[in-house]
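# Analysis of the macromolecular model
Each chain is listed here by its residues.
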Amino acid sequence: MLVTAYLAIIFLLTLCVGLELTARRLTPPQSTPTAVANPVFRRFQSIFLRAYLLALWADWLQGPYLYKLYRHYSFLESQIAILYVCGLASCVLFAPFSGWLPQVLGRRQTCLLFCVSYSACCLTKLSTDYFVLIVGRILGGLSTSLLTTTFEAWYVHRHVEVHDFPKDWIPSTFTKAATWNHGLAVGAGLVANLLAEWLHLGPVAPFLLAVPCLVCCGWLVLTDWGKEEAEEGLEGGKQKLPLGTPNAGATRLSARARFSRSCHDGLRCLLSDRRVMLLGGVQALFESVLYIFVFLWTPVLDPHGPPLGIVFSCLMAASMAGSLLYRLATSTRYCLQPGHVLCLAVLMAFFSLFMLTFSTTPGQPRPRESFLAFLLLELACGLYFPAVSFLQSRVIPEEKRASVLAWFRLPLHLLACFGLLALHGEMSGTGGGEEGSGTRHMFGGCAVMMLAALMAVVSLFTLGRNDIDLRLEGTRGDGEMF
């Protein structure tokens, strides 16, 4: 497995470079966008990305060795499953509040809260006490919820309300962030492997490295973002009031009312549009399987001695290759619709999980086949996320998108929690059967969930067979989606 992992990372990085060059060659030359030529926008974008990418880097550093760290502390697999469940449950608990906190504390202050809570989460990894580690997982759930919402909320507010830049410029920033994000994920695996295995600092080392990264992120938020706000006035303009003023209670009440109304409007949109409900079902099923996969990949491969950081980089490189393949598939040369790509991604994920039910047979493990199946699953993820993001932008109204996506995440995390609890029962011996059969059974269950997701995708595009909103511009000719 050691040689396999190193050969795989070399092949995948070469593949990504080749796909990137091909995508650039197929993309027609365009004039320089106005956003790129605007020095004020470039400065504002740079201020945001420096802090945001540091936050993402700190998050990725914690991916390769989390399970390995808990095993290093001699916890049973069933106990580790409960730790993961605590993290997912805290995501369910804090997800609604992650959209409400910025309205009460302020967007920049909530980003600082993220840096503090995630640093505390990393420091809990120094303890071998189970309760302390549970607290760390809860803090990690809070931090993850804030990372996925608060930084974007600060940027969009400043972009639109303060600088009055065109909304059409917003995707350029997040496209750049997504491009960097893939590279950061691959690099995080390599750096984590360097610290934990090559330098023999142990699996806690990547978590300790994440702390100074988060401190630097907090410093940039405190200084650069503070100067940015000072130049344009207080964040939120006249709507922000100190908590000690007579109108502070009314401000908090207004924030709670907006939060309640937003949740209600999101739920009504979800229930009134069958396309939105089907898309939510696809997201809940597909992404809950990914959360279970995050738990399972390490115990499947680690007994066979691969460098976990390199394996993690391979998985992230496969995901990067998938996103590049999406760009090629939807280009003007190949003209595939996002619906086609989404169906292909779910089908690939189902096939990879089907493979895993055979490669993880108790007593007859085949780690190379499992590794290949994991890479195929990550390749499917790279295709899935841009496709589902496009479809969400078409079927969910922009003003309700945040609240609808919050409702999507509720069943997503609950399904993942139930899956890990079922796995905990298998590992604890309550599920009976041969030792190690719990992992195989879980992959079988995930394959069934992915098959249900595939049926939801087919239903979605059968329902919207002639819906031009589900097609890319410039390729809305006659013909059916399937």
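Residues numbered from 1 in each chain as written. Predicted model: local features only at pLDDT ≥ 70, side-chain atom pairs only at ≥ 80, totals over all residues. Heavy atoms only, no water.

Put simply, the test is: UniProt positions are given in the numbering used here, feature names are shortened, and annotations may be inferred rather than shown by experiment.
Per an unreviewed UniProt entry, the chain carries the name Molybdate-anion transporter and comes from Eleginops maclovinus. UniProt, in its Subcellular location (unreviewed entry) section for the chain, records the words "Cell membrane". Regarding the chain, the relevant UniProt record gives this comment under Sequence similarities (unreviewed entry): "Belongs to the major facilitator superfamily."

## Re unusual backbone geometry
Which entries qualify depends on this criterion: A run of H or I in DSSP counts as a helix once it spans at least four residues, and a run of E counts as a strand once it spans at least two, with each numbered from the N terminus.
One non-glycine residue with positive phi stands out, namely Ser 74, at about 70°. Phi is positive for Asp 164, close to 60°, though the residue is something other than glycine. Following the sequence through the fold, Asp 164 ends up in the loop between α8 (150-162) and α9 (170-198).

## Notes on the UniProt feature "signal peptide" (unreviewed entry) in the chain
Under the local residue numbering, the UniProt record ascribes the feature "signal peptide" (unreviewed entry) to residues 1-18. For residues 1-18, the end-to-end C-alpha separation is 25 Å, with 94% helix and 0% strand making up the annotated structure.

## A closer look at the pattern of salt bridges
Convention followed: Only one rule defines a salt bridge in this text: a Lys or Arg side-chain nitrogen within 4 Å of an Asp or Glu carboxyl oxygen. Summary of the burial criterion: residues with accessible area below 20% of their type's maximum are buried, those above 50% are exposed, and those between are partly exposed, where the area comes from a 1.4 Å probe applied to protein chains only.
By the definition in use, this model includes four salt bridges. Taking the shortest distance from any N to any O, the salt bridge between Arg 24 and Glu 20 comes out at 2.8 Å. Here Arg 24 pairs with Glu 20, and both are found in helix α1 (residues 2-26), just four residues apart, close to one helical turn. Judged by its relative accessible area of 58%, Arg 24 is exposed. A salt bridge links Asp 302 to Lys 68; the shortest N-O distance between them is 3.2 Å. Taken as a pair, Asp 302 in the loop between α12 (274-301) and α13 (308-329) and Lys 68 in helix α4 (residues 66-72) lie far apart in primary sequence, 234 residues in all. We classify Asp 302 as partly exposed; its relative accessible area is 22%. Where salt bridges share partners, they join Glu 20, Arg 24 and Arg 327 into one cluster.

## A look at a nonpolar patch on the surface
What counts here: Excluding any residue in a salt bridge, patches collect residues exceeding 30% relative accessible area, merging like charges within 9 Å and nonpolar Val, Leu, Ile, Met, Phe, Trp and Tyr side chains within 5 Å. Accessibility throughout is a Shrake-Rupley quantity obtained with a 1.4 Å probe, and a residue counts as covered only by protein chains that appear here.
A contiguous nonpolar surface patch, about 390 Å² in accessible area, is contributed by Leu 194, Trp 198, Leu 199 and Leu 201. Structurally, Leu 199 is set in the loop between α9 and α10 (205-232).

## Quick word on the environment of Thr 330
Structurally, the position occupied by Thr 330 is in the loop between α13 and α14 (338-359). Among the residues examined, Thr 330 registers a relative accessible area of 18% and is labelled buried. Remark: the alpha-carbon pair of Thr 330 and Val 341, spanning eleven residues in sequence, is separated by 8.4 Å.

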